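# Notes for the structure review
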Amino acid sequence: MKLGLPVLRAFWQRASEVVVREPGKRFLSSPRPIAPYAKQHWEFAWLSMAAYQKTRAGQKHAKQMRVSVRSLPKLAVPALLCSI
């Protein structure tokens, strides 16, 4: 989704994306894949994740994830855990 106002780009980023304000730039970038940034700034990524888990939205998401893991076949759960 292209927006006319660059300051609003962060509102529509997906969980797998990040918007960045580069040094010397006034506006946020378009959404980019998060992997390179999470790899470089992993401490901040973990801190953000820990803080999010304490919010109402984070707790709701965790509950949904527990329900979806319970609905997996029993053989799929160990394989899922090994891929983490």
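A short tour of the structure in this document, coming up.

Conventions adopted
Residues numbered from 1 in each chain as written. Predicted model: local features only at pLDDT ≥ 70, side-chain atom pairs only at ≥ 80, totals over all residues. Heavy atoms only, no water. Helix = DSSP H or I, 4+ residues; strand = E, 2+ residues; numbered from the N terminus. Buried < 20%, exposed > 50% of the residue type's maximum accessible area, 1.4 Å probe, protein only. Salt bridge = Lys/Arg side-chain N within 4 Å of Asp/Glu carboxyl O. Polar contact = N/O pair within 3.5 Å; in protein donor to acceptor, adjacent residues only side chain to side chain. Contact = heavy atoms within 4.5 Å.

The next subject is the overall build of the chain. When you go through the chain residue by residue, the secondary structure sums to 4 helices and 2 strands. Element order for the chain, N to C, with α for helix and β for strand: β-β-α-α-α-α. Within the chain, buried positions represent 8% of all 84 residues.

This part is about the pattern of salt bridges. According to the stated counting rule, one finds 2 salt bridges in the structure shown. Between Glu-22 and Arg-32 there is a salt bridge, with its nearest N and O atoms 2.8 Å apart. With Glu-22 in the loop between strand E1 (17-18) and strand E2 (32-33) and Arg-32 in strand E2, this residue pair connects regions lying 10 residues apart in the sequence. Judged by its relative accessible area of 28%, Glu-22 falls in the partly exposed class.

With that settled, consider the side chain of Glu-17. Note that Glu-17 resides in strand E1. At 3.0 Å, the side chain of Glu-17 forms a polar contact with the backbone nitrogen of Arg-14. Discounting residues that sit within four places of it in the chain, Glu-17 has contacts with Trp-12, Pro-31, Arg-32 and Ile-34.

A few words on the environment of Pro-31. Tracing the chain through its elements places Pro-31 in the loop between E1 and E2. Given a relative accessible area of 32%, Pro-31 falls into the partly exposed group. On a C-alpha basis, the gap between Pro-31 and Arg-9 in space is 7.1 Å, while along the polypeptide they are 22 residues apart. Every residue in contact with Pro-31, bar those within four places of it in the chain, is listed here: Glu-17, Val-18 and Val-19.

We now examine the side chain of Ser-29. Considering the arrangement of structural elements, one finds Ser-29 in the loop between E1 and E2. We classify Ser-29 as buried; its relative accessible area is 9%. Engagement of the side chain of Ser-29 in a polar contact is seen with the side chain of Arg-32, the distance being 3.5 Å. Setting aside anything within four residues of it in sequence, one finds Ser-29 in contact with Arg-9, Val-19 and Val-20.

In short, geometric facts, not functional conclusions.
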